[in-house]
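# Architecture at a glance
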Amino acid sequence: MEAIVSAVIDGAKTVLKFTWSRIKTLSEYGKNILELREQFGNLMDKKLLIEEDITLAKLEGKTTKPQCWRVAKKLDLVKELNSTHFETVATESSSPITAVQEMAVASLVGQGAASQMKQLLEILWKTTLVKNLSNELCFSSPNSFDIVIWVQVSRSLDLSTIQSQIAKRIHLKVEAGDRTHIIASKILRRLKLRKKILLILDDVWEMIDLDAVGVPSKDPCCKILLTTRSLDVCRHMDVHVSFQLNQLSEEDAWNLFVHSAGPVLDTNGIESPARKIVASCNGLPLAIKALGNSMRDRPQIELWRNAHLRWRCSSPLFKNIEKEIFGTLATSYHFLPSKILKQCFLFCSLYPASFSIDVAELIQCWVSDGLINESQSLEEAHNYGVALVEHLKDSCLLDQDSEGTVKMHDIFRDLAIVLSQSQELLYGFHTQSGLPFHQMPNESSQRVSFIRCRIKRLPEFPVYSQLTVLFLQGNPIQKIPKKFFYNLVSLRVLNLSETRITSLPRSILCLCELRSLFLRNCSIQKLPSLKSLCKLLVLDLSSTRIKALPKGFGSLRSLRELNLSCTPFLNKIVAGSISGLSSLETLYMSSSSYNWNLKTGKNQGATFDELLSLEHLSVLQIRLDSAKCLESASFWLKKLTRFDIQIRLWSHDSNHHVAKHNKKRLVLRGVDIRLENLQDLLYNTSSLDVLTCVGMSRRHLLSLSSLVSLTISHCNDITCLINNEISSWEVFPNLQHLVLDHLPNLETIVEGIIPRGVFLIKMTTIQILDCPMLKGAVSYAMLRHVKNLEKITVSGCENMSCIIYSGEHEETVPNLRVLEMNNMVNLRSICYGTSVCPALQRIEVSCCPELKELPLSVSNLSSLKEIRGEIKWWNNLRWEDDDAKNMFLRYFQAYPRENCS
């Protein structure tokens, strides 16, 4: 027995001798105890208590007693270990560090935080919005993080200030002379002792080098949340999840106003004008709260009735609001890095409140007004303009609207107007867009907007020699005075779109500096000679009643963009008018009645050869009666970066939609393909629409490797799109979008088994409409190839019984996210099995009474977002059990009405 004890002690000594050489930190003291616990069971309880005290001491930044180190030296003597007493293991250096500090912060009442909080909770382990997030963790999720550190980041980025806030929070003593890299090392060592850290960086304006601060940003134990007004900061800091706070809903906005304004809202008659005030804030919490506070304890009904019209004006009632709201919002404006960006932001205030601003036209105006260098090509200027727009959006000064448009929040527009007025001598903005016309700008104004101001008559002889931009669109102006333009000698942008004018006065020839002239959707029928407008870059005559281009039109050698689309009466373009436009880069003539085909005779007009002579032409939208004039234009077609060419006869009721995404689009309508030589045109096409054509054979299509989008509609001779007789292993290798519409004899899309190869591998969407003979949308032969398919839409296919024929081979559509089915009376199943569509997010079903089952299982719950359909259909669905039905019930959204379209 003694020999055994001696061996144990000797072994322990050997271990301790080796360990002693590696003791560098307090944590290894516990390891020494752990290595001896089997031999010295009577120390177990004591060791656990000591280890807990040591861990707590380290986390709280306490200094260890020398007694702990003495123990390490005497570990080889069990008796000394047994006789050692540990009442405390660390001396106090400061108060204990709490995991979360409660912070003074405004309530979230009425601010729509619930839905936003839910999203943040998913991102950040049960957390909440910004400062309330920190407090929420303290009470509802105390174990989410060992420590939550809040850092206020100033506009002038200062690493030492950030480091001092972190050091103070973790009780780290920093010497006065310590340099930032020394402090960073200390912070890093201290934070690495923690297992779960949340660092909140509030109001970040520029990228922060977290490594230079000392934050273990690459360590999974450290979560970082930053708030910023700039998405660009998120990109530069490689943020994994970006979460944009939305404007308040109508209900949330009202709740916040009620919370701010208080009991005065209970006064009779006040709620109605109060709600108008809230509506005028457009969901901006800062404005709602400030207005609510300003109207608190004001029971006079007259004040409330007038407030929503006056609060943005210089009223004594709201003297503090402009400073409180605009002072805060103006920070984003002042932080813009260039004068150009600031002027571009102010320029957007020329458009009415909540106006949908076309980005392309906005950039044209910036170029024409000199904000963007006009010596660039249109494409270069457009690309630069898009970058400016994105910067303003990233800074939250502009909002994305519909595709290709942006809008300015009403409050930011008011801010821009205030700023432009305060800097009027510098920028010269005058805006009354959307208001009744009642005030003339002063003579020093440079940019003036009267959009939709109900102006019927213009002044006879305005004197604005410095005016560069004049917006008059959307007014019921019927006539422009003869001398109106005489003194507007500096004008560079003139917009008369959507007015009722039928002609322009000759005084427009005085506008020698004019760069952009917009006459879109006017009743104008005739133009004077524009020969003297030698600097004109953009001319928009779309949707007008123009019958002919004026004489001397070919003298506009600076013109880069000409829009003649939707001109159903245009029948005369004098020969040489187009070939003279030597700088022309973009020509839009879709849905124009002008006949470009080869002409003969003494008085022939401009021919297609004039287009072929334009060296800089890169974007073309045009209608041709036939493809004959393109037979020798293969090289010219390749030079075009974008085109939209329609081969069809002109008719007044023709409606043509110009696709925005497709770079090179060809539309064949009513064409006998056997009679046309389309080979060169087809090979240069990325988007093809075949409508009511005859003579279409598969050989015309299958060889088109450049196609990205294909639409076939109302072609009666199509029975099968692809079969196994193909000779090439590449079939539609780049096709992403397929639309099959009203094909009465189409029986199958893919017939037979196609060998695996480059076949429909990029297909993402398929839409099938009114194909009565088709029994399935995706056959097994097709399913083997379309692994990138994301969306299937099927409607009006009366004989279709199954959407996806997956067979028994367990083929899946791993990326399918959306299924839309409408008016399918015989549809009985979507697919066989629940594992075919593992990534489904949305299912929409309408008028499919025989569809009783959905391809859903528990595995879909992680991706599923919505199931839409009629209530009656939902109630007739079959499920494995009630639990399964209840599980998916929360995703169901009923259609508002039960009838089928």
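See above for the structure.
As a starting point, this report considers the structure included with it. The model shown is predicted, which means the values in this text are computed figures rather than measured ones. Counting starts from 1 at the beginning of each chain's written sequence and moves along it residue by residue. Two thresholds apply to this predicted model, a pLDDT of at least 70 for residue-level local features and 80 or more for giving and counting side-chain atom pairs, whereas whole-chain, interface and lining totals are computed over all residues. To obtain the side-chain values, all non-hydrogen atoms of the structure were used and water was disregarded.

### Here's the deal with the packing of aromatic side chains
Note on aromatic pairs: the rings of Phe, Tyr and Trp (six-membered ring only in Trp) are paired at centre separations within 6.5 Å, and the planes decide the class, stacked below 30 degrees, edge-to-face beyond 60, tilted for the rest. Within the structure shown, the criterion is met by 12 aromatic pairs. With 5.6 Å between their ring centres and 25° between their planes, Tyr351 and Phe355 make a pair best called stacked. Judged by its relative accessible area of 3%, Tyr351 is buried. Judged by centre distance (5.3 Å) and plane angle (50°), the ring pair of Tyr351 and Phe471 falls under tilted. Of this pair, Tyr351 sits in the loop between helix H17 (339-347) and strand S6 (357-358) while Phe471 sits in strand S11 (residues 469-471), and the two are 120 residues apart along the sequence. Accessible area is worked out with a 1.4 Å probe on protein chains only. A residue is then buried under 20% of its type maximum, exposed over 50%, and partly exposed in between. Secondary structure elements are taken from DSSP: a helix is a run of H or I of four residues or more, a strand is a run of E of two residues or more, and numbering for both begins at the N terminus.

### Things to note about helix H12 (residues 250-261)
Multiplying 1.5 Å by the residue count of a helix minus one yields the expected span of that helix. Counted at 1.5 Å a residue, the expected span for H12 with its 12 residues is 16 Å, and the 16 Å between its end C-alpha atoms agrees. Within the span of H12, buried status applies to Ala253, Trp254, Leu256, Phe257, Ser260 and Ala261. Mapping the buried residues of H12 onto a view down its axis gives an arc of 160°, with all of them on the same face. Immediately beyond the C-terminal end of H12, within one or two residues, lies Gly262, with a positive phi of roughly 85°. Arc definition: directions from the helix axis to the C-beta atoms.

### A short note on the sheet that holds strand S7 (residues 399-400)
Across a sheet, paired strands are connected by hydrogen bonds in the backbone, their directions being either parallel or antiparallel. In this analysis, strands are considered paired if DSSP registers two or more bridges between them. Overall, antiparallel pairing links the three strands, which are arranged S6-S8-S7 in an open sheet. Where the open sheet ends on each side, the last strands, each with one partner, are S6 and S7. Of the pairings in the sheet, the one linking S7 to strand S8 (residues 405-407) comprises two bridges and is antiparallel in character. For Gln400, the partnering residue across the bridge sits in S8 and is Val406.

### Some details on the state of the cysteines
The criterion for a disulfide is a pair of cysteine sulfur atoms lying within 2.5 Å. Tallying each qualifying case throughout the model produces zero disulfides. Unpaired in terms of disulfides, Cys831 finds its nearest cysteine sulfur in Cys837, a separation of 4.1 Å. The thiol of Cys848 is not disulfide-bonded; the next cysteine sulfur, from Cys847, is found 7.1 Å away.

### As for a nonpolar patch on the surface
Taken together, the side chains of Phe461, Val463 and Tyr486 present a nonpolar region at the surface, about 270 Å² in accessible area. With respect to the helices and strands, the residue Val463 is situated in the loop between strand S10 (447-449) and S11. The exposure class assigned to Val463 is partly exposed, which follows from its relative accessible area of 40%. A patch consists of residues whose relative accessible area exceeds 30% and which take part in no salt bridge; residues with like charges are grouped when within 9 Å of each other, and nonpolar side chains (Val, Leu, Ile, Met, Phe, Trp, Tyr) when within 5 Å. Surface accessibility follows the Shrake-Rupley procedure with a 1.4 Å probe radius. Residue values consider only the protein chains on display as shielding. Basic side-chain nitrogens of Lys or Arg form a salt bridge, by our definition, when they fall within 4 Å of a carboxyl oxygen of Asp or Glu.

### Digging into the pattern of salt bridges
This structure, assessed with the given rule, holds 18 salt bridges. A salt bridge links Arg447 to Asp369; its shortest N-O distance comes to 2.7 Å. Note that Arg447 is positioned in strand S10 and Asp369 in the loop between helix H18 (359-368) and helix H19 (378-394), a separation of 78 residues in sequence. Side by side, Arg447 and Asp369 carry an identical accessibility label, which is buried. We note a salt bridge from Glu844 to Arg842, for which the minimum N-O separation is 2.5 Å. You can call Arg842 partly exposed: its relative accessible area is 22%. Taken together, the shared-partner salt bridges connect Glu374, Arg492, Glu513, Arg515 and Lys535 into one network.

### A word on a negative patch on the surface
On the surface, Glu880, Asp881, Asp882 and Asp883 cluster together to form a negatively charged patch. For Asp882, the position within the fold is in helix H28 (residues 882-889). For this count, His and the chain ends are skipped, Lys and Arg are scored as positive, and Asp and Glu as negative. Lys charges are placed at NZ, Arg charges at CZ, Asp charges at CG and Glu charges at CD.

### Looking at the packing of H18 against H19
In a packed pair of helices, the relevant descriptors are the angle between the two axes and the axis-to-axis distance. Every axis in this analysis is a line fitted to C-alpha atoms, fitted for helices over the stretch in contact. Angles between the N-to-C directions lie between 0 and 180 degrees. One way to put it is that H18 packs onto H19 with a least axis distance of 9 Å and a crossing angle of 110°. Put simply, H18 runs roughly perpendicular to H19. Contacts between H18 and H19 involve Val359, Ala360, Leu362, Ile363, Trp366 and Val367 on the former and, on the latter, Ala381, His382, Gly385, Val386, Leu388, Val389 and Leu392. Per-class residue counts for the contact of H18 with H19 are 11 nonpolar, two polar and no charged. Put simply, angles under 35 degrees are roughly parallel, angles over 145 are roughly antiparallel, angles from 65 to 115 are roughly perpendicular, and the rest are oblique. Any two residues whose heavy atoms approach within 4.5 Å at even a single point are treated as in contact. In this count, Pro and Cys sit with the nonpolar residues alongside Ala, Val, Leu, Ile, Met, Phe, Trp and Tyr, while Asp, Glu, Lys and Arg are called charged and the others, Gly among them, polar.

Shape is all these values report; function is a separate question.
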